Structure formats: C-alpha cells, structure tokens
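So you can see what is in the structure, the chains are spelled out below.
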Amino acid sequence: MPANTMNEDLKRERQRCSFDPKELTYLLDGGEEKTEERRQREKFFLDDPELSETAPSDYLSHKEKYEHAVKKACIVFKKVQQLQAQGKAGMQNFREVLGGQLGSAILRDGNPLGLHYVMFIPTIMGQGTIEQQAEWISKAWNLEIIGTYAQTELGHGTFIRGLETTATYDPATEEFVLNSPTLTSYKWWPGGLGHTANYAVVVAQLYSQGICHGIHPFIVQLRDEETHLPMPGFENVRIPWNYMLMKNGKVLKDGSYVKSPSSKLTYGTMIFVRVVIVQDAANYLRKAVTIATRYSAVRHQSHIKESAPEPQILDFVTQQHKLFPQLATYFALHYSGAWLWDMYNNVTSELESGELDRLPELHALACCLKAVSAADAAQGIETCRLACGGHGYMSCSSLPITYGLVTAMVTYEGENTVLLLQTARYLMKAWQNCLDGQPLTPSVQYLNSVRRSFGGVYHKSVPWIIASMQRIAAGKIETAHRHMNDKIKRGVNSEDAWNETSIELVAASEAHCKAFIVETYYNSVQQIVPSVSQQLGKALTELCELYAVNTLLKNIGDLLRYSNVTTGDLENLQRWLEELLAAIRPNAVGIVDGFDINDAIIASPLGAYDGNVYERLFAEVSKSPLNAKPVNESFHKYLKPLLKSKM
Ligand SMILES: CCCCCCCCCCCCCCCCCCCCCC(=O)SCCNC(=O)CCNC(=O)[C@H](O)C(C)(C)COP(=O)(O)OP(=O)(O)OC[C@H]1O[C@@H](n2cnc3c(N)ncnc32)[C@H](O)[C@@H]1OP(=O)(O)O
Ligand SMILES: Cc1cc2nc3c(=O)[nH]c(=O)nc-3n(C[C@H](O)[C@H](O)[C@H](O)COP(=O)(O)OP(=O)(O)OC[C@H]3O[C@@H](n4cnc5c(N)ncnc54)[C@H](O)[C@@H]3O)c2cc1C
C-alpha cells in the first residue's frame, strides 16, 4: 500500500468538521495528559512484535487459538508488571489492558486470564475477610495462582438459589466437604476453567449442623500448582475452614452459622461486573460505529440525482439514520455508565460501614442498565454491520466478532429478561410507595410528579422528551401494577400474577431505564457544554438531542398511549430528527476521529484512519492460506473425479 496516502473523501470530511476532534478526545480521556498516557500505553503493547498478529487468527484451529491466547495473555501480564514497576499502571490500566478495548484487540479470541481479574480477584476483595484478602490477593495479583468464578452449573445459571453443588462443614476436621453429585451440578461456563485456572471461587450451598444456609463462595484448588494436573473432581473434596470467604456470612469453627447483614451481599461481584459491562458495551459500540462511519464516507454507490456522480453512501439519509443514532448511543451509554460507576463506588463504601440503604436502588439500576446497554450495543453493532453491506459480513471487517462478543453480554452476568424483571420488582414497590405517599428514592422520584400531571404541551426541547419518556415509564409501571393487582384480586396467587404480567413488567423496566439514560445523558452534556468550545458544545448537544428524539420516535405507540401528544407533534419530532441528521452529517467523521481508536484496535480494513478501504481489504484476503496456491488439493481429490464421472 502506498505510504502516506489518505483517502480524498476522508480528507474532505476532516476539513468540513466544525470542531477539533482532539478536543473531543481530551474530553473523553479526561484531559490532554491522560490522552497522551493512554496513547503511550497503547503503543507499548501494540508495537510489541510478539503481540502483533502475523496472520489473522481466523485461520487457526480451536486448539491453536487457545494456545496463542495463553501465550499473548502471559506477554501482556509481564508488560503490565513492567508498567507497574515504573509506577505507570494502576487499577484503571489493568481494566483497560486486560479487559477493555486494547485487551480485546490484542486478545481477539478471548482472554484466558479475564475472569481472574474481572471476577476472581474482585470476589476475594468483596467477600473475603481482611485476613483472607491478605492471603490471597497478592498471590492472585502476582499470578502465583490463576483463578476463575465458578457459579453457573449445567442445570442452573439464572436461578442461583437452585445451585446443586454443596459445601458441608465438618467440625471434626474443621473442613468443608464439597460435592457435585449430579450431571446438572457440573460447573459449566466459567471462563478459564477448562485449562487455564488452577483455583476458583466456587459458589455452593452451605450446610452446617444439618441446615442449609444458602449459597456462599469458597476458594477451591482445581489443579496442582506445579504439574497443572487436575485435582480429583467434586466428590467429597475437602477444603480448610478458612477457604470459605467469610466477610459477610460466616461459619464458626464449632459449626454455628453467623448470618450476613444481607444475604444479597454474596451477589456483590455480579453487581460489580454488571456495572463494568455498561461501559464495556459502549466501547464496543463506538468501535463498530467508527468502522461503519469511515467506510460510509469512503464508499460510493448508486445515485441521489441521476445527473450527479455516485454519492458517498453516508449522504443517504437512511444511512445517516442507521449510523448517527449509534454515535449518540455511545455517548448516552458512556455517561450513564460513568454515573453508575460513581454510584457503585459510593454505595460500596457505604456498605463497608454497614449502611445498606442504597443497595436495592443500586441493584435495580445496575440490572436494567446492564440489560439495556448490552441489548442496545448489540443491536447497534449489528446495524453498523448491515450498514456496510457485503463487506460488513466479512470476518476481517471485525464487525461480526464484535457483535459476537457483545451479544454474549445479553446472556452473561444475568440474562437480560431476568435482570429487567429484578428492576421491575423495585418499580412495583416504588409505585406502591407512590400510591401510599411514602418517600421515593432519587431514581424513581419522577413517579410522583408524573402522577400529578398527565399532559405537557409539545415544545422542541430535550426536557420535554425526558418528561414524555418519564410519562411513558410511569404509565407502563402503573399499567403493570394495576393488571397484576387485578389478577390478584380475582384470586390468582401473587407469583402466578407476576408471571402472567411479566411482559408488561419487562416493558416497564425498559421504559424506566431509557428515561433514566436520556436524563443522565442530558444532565451530563449540560454540565460539559460550558467547559468546551462552542463548536464542540454544539456537536455534543446535537447528538444528545438526536438520542432523545430517536428514542422517543421508536416508541410512538407508547407516546400516543400515555401522553396527550398530537399527530402534529409527531410530525414536528420527525422533522427535528431529520434536521439533526443533517446537522450531524458534516461532523460524523470528526466525531469518530475524536474517539481516537488506534488502527490496530479498530482491526478492520473498512475503518482505518486513512480510509484505504479497498487496498486494505485486498491485502487482508491475501493472507488467507486458501489463497496461497492457485489450485486447492480438494479439486484433484473430489471435484475432478466428480466432474469426470458426469462426463
Ligand atoms: C481487582 C481488579 C480490578 C480490575 C479488573 C478489571 C478487569 C478488566 C475488566 C474489563 C471489562 C470487561 C468486563 C466484561 C467481561 C465480563 C466477563 C464476565 C463473564 C460472565 C461471568 C458470569 O456470567 S458469572 C455468573 C453470573 N450469574 C448471574 O448473574 C446469575 C443471575 N441471577 C441472579 O443474580 C439471581 O438469581 C437473581 C436473578 C438476582 C435472583 O436472586 P434471588 O432468587 O436470590 O432473589 P429474588 O429474585 O428472590 O429477590 C429477593 C430480593 O433480593 C434482591 N436482590 C437480588 N439480587 C440482589 C443483589 N445483587 N443486590 C441486592 N439485592 C438483590 C431483590 O431485589 C429482592 O428484593 P426484594 O425482596 O426487596 O424485592
Ligand atoms: C460467554 C459466557 C461466559 C460465561 N462465563 C461465566 C463464568 O465465568 N462463570 C459463571 O459462573 N457463569 C458464566 N456464564 C454463565 C452465565 O452467567 C449464564 O449463562 C447466565 O446467567 C444465564 O443463565 P442460563 O444459561 O441458566 O440461562 P437460562 O436461565 O436457562 O435462560 C434461558 C431462558 O429462560 C428465561 N428465564 C430464566 N429464568 C427466568 C425467569 N425467572 N423469568 C423469566 N424468564 C426466565 C431467560 O429469559 C431465557 O430466555 C457465562 C455465559 C456465557 C454465555
């Protein structure tokens, strides 16, 4: 590929952008210095020849992919240690390198050490006593041991109260005896469990003095630390008393059980990961939308006017309608994720001092935000793939693999429907409190004001949209609450009534979450605008407006049902949407440039900074081993005899 060539369309796009993309980069990183540090860190990993791909891993076997991933994970770990030694790597860098965009670019086929960092260490930190933390954290942190989080079984992933693995305390030896007696009690799914980890946090039903005390976490050795040979399976496996993580619930040496202040504290690691997923989903979406936007600026096809040359496909308004809402969704999830992260940290420190009041609200928000961000990012990435036509289908475009990674988020760490129903539980209680005149927590305060007024005349503003979305959410919450209570009044028992109303409950939960996201996004942008240039402020405001208008327009039916909006108002909203697409159009490439994603992380010929799409695509397919020889052996073995036999 000729050096230093920049696609002419992208050059023009960059000239017409109204703001300086660097300003957006600095804003997202938290300052110019932070951007520089991140770039240096990325360079440190991406320029390492041992970490760069000689050939795309698509052409490796499953076994080779695993071995390759282990090798690279070890190199990455050593490099993180080097950074730590220089004082350049804190927790945030760990997160970025081991699990974030950078990590997923280096470890394209998965990180065998991912669960060690995302769940094993956080569980010890969150569920272990000070002594247990002292014993295990440094070993784990320095990778003297490799752990995973073994909760899900073949028979149960969602309903963790139904797990079958047992840990029975034997006071005579001061040990727990672990058993997985059935096929369905096999631990199934934990990342790294197959070949990498030699320890795990195993979640099991605790029995002591003949009583089951529910699920608790235990540290269990899985493999010999030297030979890596597996320890015997889960049949009467004995572990010492202090291998039960006892920060919350405890078993005393005599076998008596001391209850946790809340049995749900055992679920703490899951809350942590749900919170992290919101940001992670947003980051994958911004990678996909960068690829699709740059490609759409380079790709020319068809006609808008017969007399004019073929336009950039980005000039089709339908294409803008596919892509620009994804740009906006990235920001919406980014700011909601940041808000949730702050709340998580505040509530966690309150828990440390024994205050549990805000745990239910955190749980309710983490559940619905995880569900909505995973679903919207997955759908957004798929929209980006479709927006790239045939080339988006190619695995080298990185869009299919990105979609695959994000669609898994819909299932893991709490299946989306199940999590939305958890939030719905909270909302039903909140509505009852609202009816009873009881105080409401901040995230459901709007229920009070919406109950007082149904109306609100249309005006072209995000606050009007937020109020409309809150009205939809409150309407759906009220409807579900009423329908469920009607059933109960008719004699249906409350559990069946819950199941029979669950379609409406899930919808209520989603509507509540969407209203929360729009409001949080709007408030964040309001705070940011005064501190950035007028041009960037305008671009950020337009994106926020687009997210709000587009989200509302996707729910026209609900809007008509739950507010006094007129068809004229809907036409005004449609016009506003179209105005916003036109306003964002000149800045689209500038916005994705502002994300400042390194080409090696983009890893797609469609989305590189220089826009040399066709040259890069050609170079990419040339790497296929299938293209190394002009005639494949299968021709001689199978096709030729078949062709002959037909003659
Ligand atoms: C230190 C290093 C740091 C740096 C590290 C950084 C590293 C790099 C990181 C980079 C980023 C990469 C990130 C992505 C990668 C991720 C990979 C992950 C892979 C995936 C892993 C997994 O996939 S791992 C398994 C997850 N498996 C679930 O997720 C099960 C779902 N299933 C349930 O979670 C329960 O089953 C379910 C439904 C709640 C019902 O639980 P249940 O039956 O016990 O409860 P009920 O429904 O009866 O509810 C009774 C009452 O409990 C309340 N409540 C329930 N939960 C509560 C809670 N958590 N907190 C408070 N309250 C709670 C509820 O609100 C009710 O309250 P009320 O009574 O007042 O209404
Ligand atoms: C890529 C990946 C990595 C994973 N990593 C780990 C790991 O490291 N450690 C670990 O322990 N686990 C891990 N898991 C397991 C994961 O946490 C579970 O798959 C997840 O919690 C869903 O549980 P399930 O598979 O039992 O689904 P199910 O609960 O069987 O879901 C199937 C269907 O049933 C529905 N359903 C179930 N219960 C209800 C309900 N109460 N109300 C309404 N509908 C319901 C669901 O909505 C869904 O449509 C991983 C999973 C994946 C896909």
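Quantities reported herein were computed from a predicted structural model and do not represent experimental measurements.

### A word on the overall build of the protein chain
- Of the regular secondary structure elements, the protein chain holds 25 helices and eight strands.
- The C-alpha atoms of the protein chain give 27 Å as radius of gyration, which agrees with the globular expectation for 647 residues (26 Å, within 12%).
- On the principal axes, the C-alpha backbone points of the protein chain span a range of 90 × 75 × 65 Å.
- Taking all 647 residues of the protein chain together, the buried fraction comes to 43%.
- The long-range fraction of contacts in the protein chain, counting pairs at least 24 apart against all pairs at least 6 apart in sequence, stands at 73%.

### So, the domain arrangement of the protein chain
- The domain architecture assigned to the protein chain consists of domain 1 (31-119), domain 2 (145-246) and domain 3 (269-591).
- Taken over C-alpha atoms, the centre of domain 1 sits 30 Å from the centre of domain 2.
- Counting from both sides, the interface comprises eight residues of domain 1 and, opposite them, nine residues of domain 2.
- Put simply, the parts of the chain that give the side of domain 1 that touches domain 2 at least two residues each are α4 (62-85) and α7 (114-127).
- In terms of residue count, α7 provides more of the side of domain 1 that touches domain 2 than any other element does, four residues in total.
- Residue classes in the side of domain 1 that touches domain 2 are distributed as six nonpolar, two polar and no charged.

### Some points on the site of ligand 2
- Taken together, 20 residues form the shell around ligand 2, and within it Gln151, Thr152, Gly157, Thr158 and Thr417 come nearest.
- Among the elements of the structure, β1 (147-150), α13 (399-411) and α14 (416-435) are those that each provide at least two residues to the shell around ligand 2.
- Ranked by residues supplied to the shell around ligand 2, first place goes to α14 with three residues.
- Split into classes, the residues belonging to the shell around ligand 2 amount to nine nonpolar, nine polar and two charged.
- Each of domain 2 (145-246) and domain 3 (269-591) gives at least three residues to the shell around ligand 2.

### Side note on the nonpolar core
- Grouped together as the largest cluster of nonpolar side chains are 173 residues, with contacts concentrated most on Phe218 and Ala281.
- Among the elements that line this core, the one with the most residues is helix α9 (residues 268-298), at 19 residues.
- Setting aside anything within four residues of it in sequence, one finds phenylalanine 218 in contact with Ala167, Phe176, Leu178, Val202, Ala204, Ile239, Tyr243, Met244 and Leu245.

### Regarding unusual backbone geometry
- Despite not being glycine, glutamate 413 has its phi angle at roughly 60°, a positive value.
- Looking at the element boundaries, glutamate 413 is found in the loop between α13 and α14.
- For aspartate 596, which is not glycine, the phi dihedral falls at a positive 55°.
- With respect to the secondary-structure elements, aspartate 596 resides in the loop between α22 (588-595) and α23 (599-602).

### Some points on the pairing of strand β5 (residues 211-221)
- For strand β4 (residues 199-208) and β5, the ladder comprises nine bridges, and the chain directions are antiparallel. Paired with alanine 204 across the strands is histidine 216, a residue of β5.
- Hairpin connection from β4 to β5: two residues lie between these consecutive antiparallel strands, with glutamine 209 at a positive phi of about 50°.

### Considering the confidence of the model for the protein chain
- For the protein chain, per-residue confidence averages 94 on the pLDDT scale, and residues scoring 70 or more make up 96% of the total.
- With pTM at 0.97, the complex prediction returns an ipTM value of 0.97.

### Regarding the UniProt feature "binding site: FAD" (unreviewed entry) in the protein chain
- Taking the UniProt record as the reference, the feature "binding site: FAD" (unreviewed entry) is found at Thr152 and Gly191. Despite a sequence span of 40 residues, these residues sit close together in the fold, their greatest C-alpha distance being 10.7 Å.
- Secondary-structure assignment places threonine 152 in the loop between β1 and β2 (166-170).
- Once residues lying within four places of it in the same chain are set aside, the contact partners of threonine 152 are Gly157, Trp188, Trp189 and Pro190.
- Take glycine 191: it is sitting in the loop between β3 (175-179) and β4.
- When near neighbours in sequence (up to four residues on either side) are disregarded, glycine 191 contacts Gly114, Leu115 and Thr148.

### A closer look at the pairing of β4
- Burial analysis of β4 places nine of its ten residues in the buried class, which makes it a mostly covered element.
- Pairing between β1 and β4: four bridges, direction parallel. In the strand pairing of β4, glycine 147 is matched with tyrosine 199.

### Details of the environment of lysine 72
- Among the structural elements, lysine 72 can be located in helix α4.
- Considered as a pair, lysine 72 and threonine 152 are 80 residues apart in the sequence and their alpha carbons are 27 Å apart.
- With residues near it in sequence (within four places) discarded, lysine 72 still touches Leu51, Ile106 and Leu107.

### A closer look at the environment of glutamate 413
- Note on glutamate 413: 25 C-beta atoms within 10 Å, which makes it buried.
- Distance in space between the C-alpha atoms of glutamate 413 and proline 463 is 33 Å, their sequence separation being 50 residues.
- In contact with glutamate 413, other than residues within four places in its own chain, are Met270, Val273, Arg274, Ile277 and Lys370.

### Looking at the packing of α14 against helix α16 (residues 462-489)
- For the pair α14 and α16, the least separation of the axes is 10 Å and the interaxial angle reads 90°. In terms of their interaxial angle, α14 and α16 are classed as roughly perpendicular. Counting all contacts with α14, which are made through Leu427, Met428 and Trp431, the residues of α16 involved are Ile477, Glu478 and His481.
- Its residues placed into classes, the contact of α14 with α16 shows four nonpolar, one polar and one charged.

Conventions and cut-offs
Going along each chain's sequence as written, the residues are numbered from 1 onward. To label them, take the chains in the order written and letter them from A, then take the ligands in the order written and number them from 1. Only residues with pLDDT of at least 70 get local features here, since the model is predicted, and only at 80 or more are side-chain atom pairs given and counted; chain-wide, interface and lining totals rely on the full set of residues. Helix numbering and strand numbering both begin at the N terminus, where a helix is a DSSP run of H or I of at least 4 residues and a strand a DSSP run of E of at least 2. As defined in this context, the radius of gyration uses C-alpha atoms, and a globule is described by 2.2 Å times the residue total to the power 0.38. A residue is called partly exposed when the number of other C-beta atoms within 10 Å of its own lies between 12 and 20, exposed at 12 or fewer, and buried at 20 or more, with C-beta atoms placed from the backbone. Contact criterion: two residues are in contact if their C-beta atoms, reconstructed from the backbone, are within 7 Å. Start and end points for every domain follow an automatic or database-based domain assignment. Under the grouping applied here, Gly and all other residues not named as nonpolar or charged are polar, the nonpolar ones being Ala, Val, Leu, Ile, Met, Phe, Trp, Tyr, Cys and Pro and the charged ones Asp, Glu, Lys and Arg. Contact assignment follows one rule, namely that a residue is near a molecule or strand if its backbone-placed C-beta atom lies within 6 Å of it. Structurally, a nonpolar core is described as a collection of buried Ala, Val, Leu, Ile, Met, Phe, Trp, Tyr and Cys residues joined by way of C-beta atoms within 7 Å. Only strands that DSSP links by at least two bridges are regarded as paired with each other. A residue's pLDDT is the predictor's confidence in that residue, given on a scale from 0 to 100. UniProt positions are given in the numbering used here, feature names are shortened, and annotations may be inferred rather than shown by experiment. To define axes, lines are fitted to C-alpha atoms, for helices over the stretch in contact only, and angles between the resulting N-to-C directions are given on a 0 to 180 degree scale. In this scheme, roughly parallel covers angles under 35 degrees and roughly antiparallel covers those over 145, while 65 to 115 is roughly perpendicular and the rest are oblique.

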